[in-house]
Amino acid sequence: QVQLVESGGGLVQPGGSLRLSCAASGIIFRIWNMGWYRQAPGQQRELVATIPDTGTIDYADSVKGRFIISRDNAKNMVYLQMNSLKPEDTAVYYCKATLSIHAFWGQGTQVTVSS
């Protein structure tokens, strides 16, 4: 079965950095579009960044210049490097795999930015 497992979340001070990882299994990873989303308490889940199998990487305006999404097709991994973190980045971060009408989500990893 398809599994997406996120890791790397935690507590970090404002201005700090974290690197999230998502390990995928059960799919032909290289052909799937991968993305990171986040959901803060009381808010809707929102797109953070997406990286297709081929094509343009996309970022939410709120993270442009601070976050970098990347993928390693040989390892079935997608990453989110988060720099210059702000308290408003606090959320549960989810990994998503999308192909046509099919989509799978990970269980999420908590990121808390606080002093």
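The notes below deal with the structure included here. (Residues numbered from 1 in each chain as written. Predicted model: local features only at pLDDT ≥ 70, side-chain atom pairs only at ≥ 80, totals over all residues. Heavy atoms only, no water.)

1. A few points about the state of the cysteines
Then, number 1: The full count for this structure, using the stated rule, is one disulfide.
Then, number 2: With a sulfur-sulfur separation of 2.2 Å, Cys22 is cross-linked through a disulfide to Cys95. Residues Cys22 and Cys95 share a disulfide whose torsion about the S-S bond is about -80°; that sign makes it left-handed. A residue pair is termed long-range when its members are at least 10 positions apart, and Cys22 in strand E3 (residues 18-25) and Cys95 in strand E9 (residues 91-99) qualify at 73 residues. (Disulfide = S-S within 2.5 Å. Helix = DSSP H or I, 4+ residues; strand = E, 2+ residues; numbered from the N terminus.)

2. Quick notes on the pairing of strand E10 (residues 102-105)
Where a strand is regular, its side chains alternate between the two sheet faces.
Then, number 1: The pairing of E9 with E10 spans four bridges and is antiparallel. Along E10, the bridge assignment pairs Thr98 with Ala103.
Then, number 2: The antiparallel pairing of E9 with E10 creates a hairpin that spans two residues between the two strands, and Ser100 there sits at a positive phi of about 55°. (Pairing = 2+ DSSP bridges.)

3. A few points about the pattern of salt bridges
Then, number 1: Taken as a whole and judged by the stated rule, the model has four salt bridges.
Then, number 2: The partner of Glu46 in a salt bridge is Arg38, with the nearest N and O atoms 2.7 Å apart.
Then, number 3: Within this structure, Arg38, Glu46, Arg66 and Asp89 form a network of salt bridges that share partners. (Salt bridge = Lys/Arg side-chain N within 4 Å of Asp/Glu carboxyl O.)

4. As for the side chain of Glu6
Then, number 1: Summarising the element assignment, Glu6 is placed in strand E1 (residues 3-7).
Then, number 2: One buried charge, Glu6, has no salt-bridge partner; the nearest side chain with opposite charge is Arg45, at 7.4 Å.
Then, number 3: Of note is the side chain of Glu6, whose polar atom sits 2.9 Å from the backbone nitrogen of Gly108.
Then, number 4: Residues within four places of Glu6 in sequence aside, it is in contact with Ser21, Cys22, Trp36, Tyr93, Tyr94, Cys95, Gly106, Gln107, Gly108 and Thr109. (Buried < 20%, exposed > 50% of the residue type's maximum accessible area, 1.4 Å probe, protein only. Lys, Arg positive; Asp, Glu negative; His and termini not counted. Polar contact = N/O pair within 3.5 Å; in protein donor to acceptor, adjacent residues only side chain to side chain. Contact = heavy atoms within 4.5 Å.)

5. So, the nonpolar core
Then, number 1: Judged by nonpolar contacts, the single largest core of 30 residues is most densely connected at Met34, Trp36, Val78, Leu80, Met82 and Tyr93.
Then, number 2: Going through the elements one at a time, E3, strand E4 (33-39), strand E5 (46-51), strand E7 (67-72), strand E8 (77-82), E9 and strand E11 (109-113) are the ones with two or more residues in this core.
Then, number 3: Apart from the residues lying within four places of it in its own chain, the contact partners of Met82 are Gly16, Ser17, Leu18, Leu20, Arg66, Phe67, Tyr93 and Val111. (Core = buried A, V, L, I, M, F, W, Y, C linked by side-chain atoms within 4.5 Å.)

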